Each structure stands twice: as structure tokens, then as C-alpha cells.
Amino acid sequence: MFSAWLLEEPVGGGDVVVVHRGDCAAPRGVTRPAAGEEVRQALADGAMVCPVCRPPGL
């Protein structure tokens, strides 16, 4: 199932979650599908937006 959003969890000592579009090919870490509310909360908590796919509306 396709999700509109992915959250890339920090790996290797990183501490920043990255928000990606569901079809982004840039993630290099562990990703999981996320709902809109979860993405908004992650951003409020300091997540960054992917510099490659730059999800619209964020």
C-alpha cells in the first residue's frame, strides 16, 4: 500500500527525523509510512523536510 508520507528515522547516531513524500527515492535510513497528523507532529517536534522531494504543503 502506498502512503503519501514517509518518516525516515535517524540511524547511526543521528537525531533528526526526515519527512519525505511517499514516492521519494532519497531516503537512506529506515522509513515507515505516516499519516498527515503524525507528519505534522514530527515537524512540530523538529523534523526536517527532505531537500530532494520537498513535500508540498509543509
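Presented here is a report on the structure given in the accompanying data block.

Conventions adopted
Residues numbered from 1 in each chain as written. Predicted model: local features only at pLDDT ≥ 70, side-chain atom pairs only at ≥ 80, totals over all residues. Heavy atoms only, no water. Helix = DSSP H or I, 4+ residues; strand = E, 2+ residues; numbered from the N terminus. Contact = heavy atoms within 4.5 Å. Areas by Shrake-Rupley, 256 points an atom, 1.4 Å probe, with all protein chains shown as cover. Disulfide = S-S within 2.5 Å. Buried < 20%, exposed > 50% of the residue type's maximum accessible area, 1.4 Å probe, protein only. Core = buried A, V, L, I, M, F, W, Y, C linked by side-chain atoms within 4.5 Å. Pairing = 2+ DSSP bridges.

1. Looking at the overall build of the protein
Check the secondary structure of the protein and you find 1 helix and 4 strands. When the elements of the protein are put in sequence order from the N terminus, they spell out β-β-β-α-β. Sequence separation of at least 24 residues holds for 50% of the intrachain contacts in the protein that already meet a minimum separation of 6. As displayed, the protein has an accessible area near 3,800 Å², and 56% of this comes from carbon and sulfur atoms.

2. Re the state of the cysteines
Summed over the entire model, instances satisfying the criterion amount to 0 disulfides. Summary of cysteine pairing: C50 is not part of a disulfide, and the nearest cysteine sulfur, belonging to C53, is at 3.8 Å. Here C53 is not disulfide-linked; the sulfur of C24 is the nearest cysteine sulfur, at 3.7 Å. Classification of C53 by relative accessible area gives buried; the value is 7%.

3. A short note on the nonpolar core
The nonpolar side chains of soluble globular proteins are, as a tendency, buried together. In this structure, W5, L7, V19, A34, V39, A42 and A47 together form the largest nonpolar core, which totals 7 residues. Going through the elements one at a time, β1 (5-9) and α1 (36-44) are the ones with two or more residues in this core. Not counting chain neighbours up to four residues away, the residues in contact with A42 comprise L7 and A47.

4. Digging into the sheet that holds strand β3 (residues 30-34)
Taken in spatial order, the 4 strands of this open sheet run β3-β1-β2-β4, and their pairing is mixed. Of all strands in the sheet, those bounded by a partner on one side alone are β3 and β4 (48-49). In the sheet, strand β2 (residues 18-21) pairs with β4 via 2 bridges, with the strands oriented parallel. Counted as the bridge partner of V18 is M48 from β4.

Geometric descriptors of this kind do not, in isolation, establish any biological role.
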